[in-house]
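Residue-level structure breakdown
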Amino acid sequence: MTRSRCAALAAMVIGGLLGGCASTPPASFYSLSPLPRTAASVTPEHEALALGLGPVSFPAFLDRPQIVSRTSANQLELDEFDRWGGTLQDDFVRVWGENLGQLLDSSRILILPSEIRYPLDFRVSADVLAFEGTPDGQAQLEVRWSLLDAETAQVLSVRRGSYRRPLAQPRDTGALIAALSAALGDFSRDVAATLRELPRPRRSGPAPPAS
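Residues numbered from 1 in each chain as written. Predicted model: local features only at pLDDT ≥ 70, side-chain atom pairs only at ≥ 80, totals over all residues. Heavy atoms only, no water.

A few points about the pairing of strand S4 (residues 75–84)
Walk down a regular strand and you will see the side chains alternate between the two sheet faces. Bridging between strand S1 (residues 28–30) and S4 involves three bridges; their strand directions are parallel. When the bridges of S4 are listed, Tyr 30 appears paired with Trp 84. Two strands pair when backbone bridges link them, and strand S3 (residues 66–72) and S4 are joined in this way by six bridges, in the antiparallel orientation. Opposite Ile 67, over in S4, you have Asp 79 as the bridge partner. (Pairing = 2+ DSSP bridges. Helix = DSSP H or I, 4+ residues; strand = E, 2+ residues; numbered from the N terminus.)

Observations concerning helix H2 (residues 88–103)
Over its 16 residues, H2 runs 22 Å from end to end, which matches the ideal 22 Å to within 8%, given 1.5 Å per residue. Within H2, the full set of buried residues consists of Leu 88, Asp 91, Phe 92, Val 93, Val 95, Trp 96, Gly 97, Asn 99, Leu 100, Gly 101 and Gln 102. Where the residues of H2 are buried, they touch strand S2 (51–57), S4, strand S5 (109–111), strand S6 (122–133), strand S7 (138–149) and helix H3 (173–197). With its phi angle positive at about 50°, Asp 105 sits one or two positions after the end of H2. (Expected span 1.5 Å × (residues − 1). Buried < 20%, exposed > 50% of the residue type's maximum accessible area, 1.4 Å probe, protein only. Contact = heavy atoms within 4.5 Å.)

Considering H3
Along its 25 residues, H3 runs 37 Å from first to last C-alpha, staying within 8% of the 36 Å computed at 1.5 Å per residue. Along H3, 18 of the 25 residues are buried, which leaves the element largely enclosed by surrounding structure. Residue Asp 172 occupies the N-cap position of H3, its side-chain oxygen lying 3.2 Å from the main-chain nitrogen of Gly 174. (Polar contact = N/O pair within 3.5 Å; in protein donor to acceptor, adjacent residues only side chain to side chain.)

Here's the deal with the packing of aromatic side chains
Within the structure shown, the criterion is met by six aromatic pairs. Ring centres 5.3 Å apart and planes at 85° place the aromatic pair Phe 58 and Phe 92 in the edge-to-face group. On the criterion of sequence distance, the pair formed by Phe 58 in the loop between S2 and S3 and Phe 92 in helix H2 is long-range, its members being 34 residues apart. Counting every residue linked through ring pairs, the aromatic cluster contains Phe 58, Phe 92, Trp 96, Phe 131, Trp 145, Tyr 163 and Phe 187. A cation over a ring is seen here: Arg 108 above Tyr 118, with NZ or CZ 4.0 Å from the ring centre. (Phe/Tyr/Trp six-rings, centres within 6.5 Å; stacked < 30°, edge-to-face > 60°. Lys NZ or Arg CZ within 6 Å of the ring centre and 35° of its normal.)

Quick look at the pairing of S7
Across the 12 residues of S7, 10 count as buried, placing the element largely inside the fold. Here 11 bridges tie S6 to S7, and the two strands are oriented antiparallel to one another. Within S7, the position partnered with Gly 133 by the bridge is Ala 139. Where S7 folds back onto strand S8 (residues 155–166) in an antiparallel hairpin, the turn is made up of five residues, including Ala 153, whose phi is positive at roughly 65°.

Examining the environment of Gly 52
Here Gly 52 shows up in strand S2. The class for Gly 52 is buried, based on a relative accessible area of 0%. In this structure, the C-alpha to C-alpha distance between Gly 52 and Leu 120, residues 68 residues apart in sequence, is 6.6 Å. The residues touching Gly 52, leaving out its near neighbours within four places in the chain, are Leu 110, Leu 112, Leu 120, Phe 122, Arg 123 and Val 124.

Remarks on the side chain of Thr 194
Here Thr 194 lies in helix H3. Of the polar contacts made by the side chain of Thr 194, one reaches the backbone oxygen of Asp 190; its length is 3.0 Å. Excluding residues that lie within four positions of it along the chain, Thr 194 makes contacts with Trp 145, Leu 147 and Arg 159.

Focus: the layout of surface pockets
A volume near 350 Å³ is recorded for the largest pocket. For the lining of the largest pocket, the secondary structure elements donating two or more residues are S3, S4 and H3. Considering each element in turn, the lining of the largest pocket owes the most residues, five residues, to S3. Per-class residue counts for the lining of the largest pocket are seven nonpolar, seven polar and seven charged. (1 Å grid on protein atoms, 1.4 Å probe; cavity = no way out; pocket = protein on both sides within 12 Å on 5 of 7 lines; lining within 4 Å. Points joined across faces, edges and corners; volume = space filled by probe spheres on them. Nonpolar A, V, L, I, M, F, W, Y, C, P; charged D, E, K, R; others polar.)

Written out as structure tokens, the structure is:
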């Protein structure tokens, strides 16, 4: 093979490789969104509510950069080009905290563990069992959660919630994230409603400043 033919062949190979790289679609990154902001209506009863969130656990098949959808009862679909902007766990807890802060009219929502120290009224932990798209075009959240007295660690309530929201556009990742955010909002409302029904425990330490 002559030198010119070798050079031409090498150029073709390199061109093919570059062409393949150029055709690879760029990755898209997503994050959950909190409930829409509403006008604050702080009441003295709940003004100083102090709440700790955590721990929050996820199954290993969800704890990954790729966004997961379920195509059947036993099969998952991971999209290499649709990913979480950070980690799913951090994003979930962040938005959950924002939702509860708004629903309870309180700025004293602490994500645990934390180096910040102030007296808490309650602590809420959660085991997320499912947080994904479904084969029938919905977003689902399955979660088992516990409400505890923050000072004594006494379990006050253990519940399981199931939430589903339809996708505005089937097989669209943006629509899936919006529906997952809405399902998380529904869960947040249930937690806030439960907290409102409980009497405030007495603290042994000084009360935190008002919200």
